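Structural features, examined
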Amino acid sequence: MNCLDLGIDMIHVSDDWGAQAGLIFSPEVWWRMIYPYHKVTADAVKARGAFLSLHSDGNINQVLDGIVQTVLPWRQPYLDRILEAGFDGVYLDRVDAYSDWKRERPTAEAEMVLLVRRISAYAKGRKPGFLVVPQNAEELLVSKSYRAAIDGAAKEDLIYGID
């Protein structure tokens, strides 16, 4: 961890494990071949009091619990850290990502609604008044349970469009 000796306070790990429908390998391979090395990194970063950021593209839901519980250096969900830091809400970018998976995963839209609802229920259960504001995915607003879970809706490129 020589970079930490230089005063760097965050280590970022990019490792693309997912495709649109799931992992690009089995969860067993992740636990056997990837987890041990990421755990070494996470433990070293934690021991030095620095932050660890992890990026992976695609659907990594099959190992998400393992990432949250064992690879993240604080072994604490990110949402808990946001709440404990005193933030008043979260702005959820790429809620519309489910549309990229709809062909391979017909339940993607319902799963995204459920994910946002779970985030909202958990955060508001710990901090009443906590705000949840998704960006894009305005087509989800037809869902009554989705609308009940959010506190606003943001639309990217509203005036000028995507291009």
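An account of the accompanying structure is given in this report.

**So, the pairing of strand β3 (residues 89–92)**
The alternating pattern of β3 places V90 and L92 on a buried face and G89 and Y91 on a face that is not buried. Where β3 lies against strand β4 (residues 131–134), four bridges are found, and the strand directions are parallel. Directly across from V90, in β4, lies its bridge partner V132. Following the chain from β3 across helix α5 (residues 108–126) to the adjacent parallel β4, one finds a crossover that is right-handed.

**Comments concerning the environment of F130**
Here F130 lies in the loop between α5 and β4. It is 8.8 Å that separates the C-alpha atoms of F130 and D151, two residues lying 21 residues apart in sequence. If we skip the residues at most four places from it in the chain, F130 touches L79, I82, L83, F87, D88, G89, V90, A123, K124 and D151.

**Section: α5**
Along its 19 residues, α5 runs 27 Å from first to last C-alpha, staying within 8% of the 27 Å computed at 1.5 Å per residue. For α5, the full list of buried residues reads A108, M112, V113, V116, S120 and A123. In an axial view of α5, the angular spread of the buried residues amounts to 145°, which keeps them on one side of the axis. Turned more than 90 degrees from where α5 packs its buried face, A110, R118, A121 and G125 sit exposed.

**Details of the nonpolar core**
If you look at the biggest cluster of nonpolar residues, it comprises 18 residues, and the most contacted ones within it are V95, V116, F130 and L140. Looking at this core, the elements that each hand over two or more residues are α4 (78–84), β3 and α5. By residue number, the principal contributor to this core is α5, which donates five residues. Among all residues touching V116, those that are not within four sequence positions of it are L92, V95, V132, Y146 and I150.

**Overview of the environment of E84**
Within the secondary structure, E84 is located in helix α4. A relative accessible area of 52% places E84 in the exposed class. Remark: the alpha-carbon pair of E84 and K127, spanning 43 residues in sequence, is separated by 9.6 Å.

**Things to note about the side chain of S120**
Counting through the fold element by element, S120 comes out in helix α5. At 2.5 Å, the side chain of S120 and the backbone oxygen of A149 are in polar contact. When neighbours within four sequence positions are excluded, S120 is seen to be in contact with V132 and A149.

**A word on a nonpolar patch on the surface**
Residues L158, I159 and Y160 make up a contiguous nonpolar surface patch of about 470 Å² in total accessible area. By the element assignment, L158 lies in the segment after α6 (144–149).

**What to know about the pattern of salt bridges**
The final tally for this structure, using the stated rule, is eleven salt bridges. One salt bridge connects D43 with K39, and the closest N-O pair in it is separated by 2.7 Å. In this pair, D43 and K39 are both assigned in helix α2 (residues 27–47), four residues apart and thus about one turn of the helix distant. Between D80 and R126 there is a salt bridge; the shortest N-O distance is 2.5 Å. Separated by 46 residues along the polypeptide, D80 in helix α4 and R126 in helix α5 bring together distant segments of the chain. Relative accessible area serves as the criterion here: at 9%, D80 is assigned to the buried category.

**Some words on the packing of aromatic side chains**
Each pair of aromatic rings is reported with the distance of its centres and the angle of its planes. In the structure shown here, the tally under the stated rule is four aromatic pairs. For the ring pair W30 and W31, a centre distance of 4.8 Å and an interplane angle of 90° mean the geometry is edge-to-face. Judged by its relative accessible area of 37%, W31 falls in the partly exposed class. For the ring pair W31 and Y35, a centre distance of 4.9 Å and an interplane angle of 50° mean the geometry is tilted. On the criterion of helical spacing, the pair formed by W31 and Y35 is a turn pair, its members being four residues apart in helix α2. Taken together, the ring pairs in this structure connect W17, W30, W31 and Y35 into an aromatic cluster.

What counts as what
- Residues numbered from 1 in each chain as written.
- Predicted model: local features only at pLDDT ≥ 70, side-chain atom pairs only at ≥ 80, totals over all residues.
- Heavy atoms only, no water.
- Buried < 20%, exposed > 50% of the residue type's maximum accessible area, 1.4 Å probe, protein only.
- Helix = DSSP H or I, 4+ residues; strand = E, 2+ residues; numbered from the N terminus.
- Pairing = 2+ DSSP bridges.
- Right-handed = clockwise from strand over helix to strand, strands pointing away.
- Contact = heavy atoms within 4.5 Å.
- Expected span 1.5 Å × (residues − 1).
- Arc of directions from axis to C-beta.
- Core = buried A, V, L, I, M, F, W, Y, C linked by side-chain atoms within 4.5 Å.
- Polar contact = N/O pair within 3.5 Å; in protein donor to acceptor, adjacent residues only side chain to side chain.
- Patch = residues over 30% accessible without salt bridge, like charges linked within 9 Å, V, L, I, M, F, W, Y side chains within 5 Å.
- Areas by Shrake-Rupley, 256 points an atom, 1.4 Å probe, with all protein chains shown as cover.
- Salt bridge = Lys/Arg side-chain N within 4 Å of Asp/Glu carboxyl O.
- Phe/Tyr/Trp six-rings, centres within 6.5 Å; stacked < 30°, edge-to-face > 60°.

So far we have only geometry, and geometry alone does not tell us how the molecule works.
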